[in-house]
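Secondary and tertiary structure notes
This is what each chain is made of:
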Amino acid sequence: MASTSVPAVDVHGPWYMTMESKFDEEGARRLVRTYGIPDDHEIVVADPTDRPHNPPIGTICFFLDQFQGGLRFPTHPFILEVCNYFRIPLGQLVPNSFRLLSGVVVLFKLHSIPLDPKIFHFFFYPKQSELGTFIFQSRIGFKFFDNMPTSNKHWKEFFFYIRLPERPAFRTKWQTAVPT
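Residues numbered from 1 in each chain as written. Predicted model: local features only at pLDDT ≥ 70, side-chain atom pairs only at ≥ 80, totals over all residues. Heavy atoms only, no water.

Topic: the sheet that holds strand E5 (residues 159–163)
Inclusion rule: Paired strands, in this sense, are two strands between which DSSP finds at least two bridges. In DSSP terms, a helix is any run of H or I states spanning at least four residues, a strand is any run of E spanning at least two, and both are numbered starting from the N terminus. In this description, a line fitted to the C-alpha atoms serves as the axis of each element, helices being fitted only across the stretch in contact, and the angle between N-to-C directions of two axes falls anywhere from 0 to 180 degrees.
Within the open sheet, the three strands sit side by side as E1-E5-E2. Their pairing is antiparallel. Looking at the sheet topology across the chains shown, the edges are occupied by strand E1 (42–44) and strand E2 (60–63). This sheet shows a mean twist of 40 degrees between the axes of neighbouring strands, independent of strand direction. Relative to E5, E2 is paired through four bridges, and the arrangement is antiparallel. Note on E5: the bridge partner recorded for Cys-61 is Tyr-161.

Structural data, given as structure tokens:
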């Protein structure tokens, strides 16, 4: 009797060079409906050979859980300023970074603190979460939010691309380390 299982593929390299997306056309329709993606932002579903670090020309890689964490289009100017200040591509932030940045926007406005990346940097610094992803770590004594999810298992498996209507106001080139 023949085996119905697929033989294991010998893959080498970081996750972003080997990961295939499980995000499909139905996921794209739900994304547009749930998160109000503007009509002029084209969702492109990844082919089996596509990888997060090497998007099709004219597109940027994003992950479903980033939207669940608070990423929206149009993106809040403060989030773009923070990414540009630290020179980190928006699409490489872990989902909790969007939860944090969205919470900081609300908290800073509530306490009349200017939404300035330098002030944010006083409280948080960027660090590599794992090769290819970045997170903002609170400095000792400055943890603002408790009870954020500690692990979104398999979030990297649901990636797709977005073709924006105009040149992005944030970095898009894939990075493997936090810029100095």
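Once you've had a look at it, read on.
Things to note about the pairing of strand E4 (residues 133–138)
A regular strand places its side chains on the two faces of the sheet in alternate fashion. Sheet topology note: the strand E3 (residues 124–130)/E4 ladder contains six bridges and is antiparallel. When the sheet's bridge partners are listed, Glu-130 is paired in E4 with Thr-133. Between E3 and E4, which pair antiparallel and follow one another directly, the connecting turn spans two residues, one of which, Gly-132, has a positive phi of 100 degrees.

Quick word on the confidence of the model for the protein
Convention followed: Across the chain, each position has a pLDDT score giving the predictor's confidence in that residue, from 0 to 100. The criterion used for residue contact is that any of the two residues' heavy atoms lie within 4.5 Å.
When pLDDT is averaged across the protein, the result is 89; 91% of the residues are at 70 or more. For residues 1–10, every residue scores under 50 in pLDDT, and the model assigns this stretch zero contacts once sequence neighbours within four places are set aside.

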